[in-house]
Amino acid sequence: MDKAITDEKVKQLANMRSAMLSRRIAKERKRRLEIEEAEAARSRASVQKMNSQLAKAFRNMIASKMGGAKNMQQAVVFADGDDRLRARLAAW
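Treat the numbers as computed from the prediction; the structure is a model and nothing was measured.

(A) Layout of the overall build of the protein chain. Along the backbone of the protein chain there are two helices and zero strands. Here the protein chain holds 92 residues, and the buried ones make up 0% of them. When the accessible surface of the protein chain is split by element, carbon and sulfur atoms take 61% of a total near 9000 Å².

(B) Seen up close, the pattern of salt bridges. One pass over the structure, following the stated rule, counts four salt bridges. With its nearest N and O atoms 3.5 Å apart, the salt bridge here joins K3 to D7. Of this pair, K3 and D7 both sit in helix α1 (residues 2-65), separated by four residues, roughly a single helical turn. For K3, a relative accessible area of 60% puts it in the exposed group. Overall, D7 belongs to the partly exposed group, its relative accessible area being 42%. E39 is the partner of R42 in a salt bridge, and the nearest nitrogen-oxygen pair spans 2.8 Å. Residue R42 and its partner E39 are located together in helix α1, separated by three residues, close to a single helical turn. The exposure class of E39 is partly exposed, given its relative accessible area of 43%.

(C) Molecular detail of a nonpolar patch on the surface. A contiguous nonpolar patch, built from V47, M50 and L54 and spanning about 280 Å² of accessible area, is present on the exposed surface. Judged by its relative accessible area of 45%, M50 falls in the partly exposed class.

Criteria and cut-off values
- Residues numbered from 1 in each chain as written.
- Predicted model: local features only at pLDDT ≥ 70, side-chain atom pairs only at ≥ 80, totals over all residues.
- Heavy atoms only, no water.
- Helix = DSSP H or I, 4+ residues; strand = E, 2+ residues; numbered from the N terminus.
- Buried < 20%, exposed > 50% of the residue type's maximum accessible area, 1.4 Å probe, protein only.
- Areas by Shrake-Rupley, 256 points an atom, 1.4 Å probe, with all protein chains shown as cover.
- Salt bridge = Lys/Arg side-chain N within 4 Å of Asp/Glu carboxyl O.
- Patch = residues over 30% accessible without salt bridge, like charges linked within 9 Å, V, L, I, M, F, W, Y side chains within 5 Å.

This is the structure:
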């Protein structure tokens, strides 16, 4: 009888230890997953920022190279607008 009781106690203690260990392992997995997700989000944000800065620099470079052509294009638009206005006034 005493042997059965002590065996049951040992069994219960072993079950409690394994339950505690499995909870600790699950908690550690959850913590590691959260750290990995935070690192991935930080990495994505960094890449997105870098890409946006590269795009901005590229747009600025193109704008500086096209600055003269853009001014000429605007002058043509203004001239066309004046011509249209003169044509309308003449037709009126």
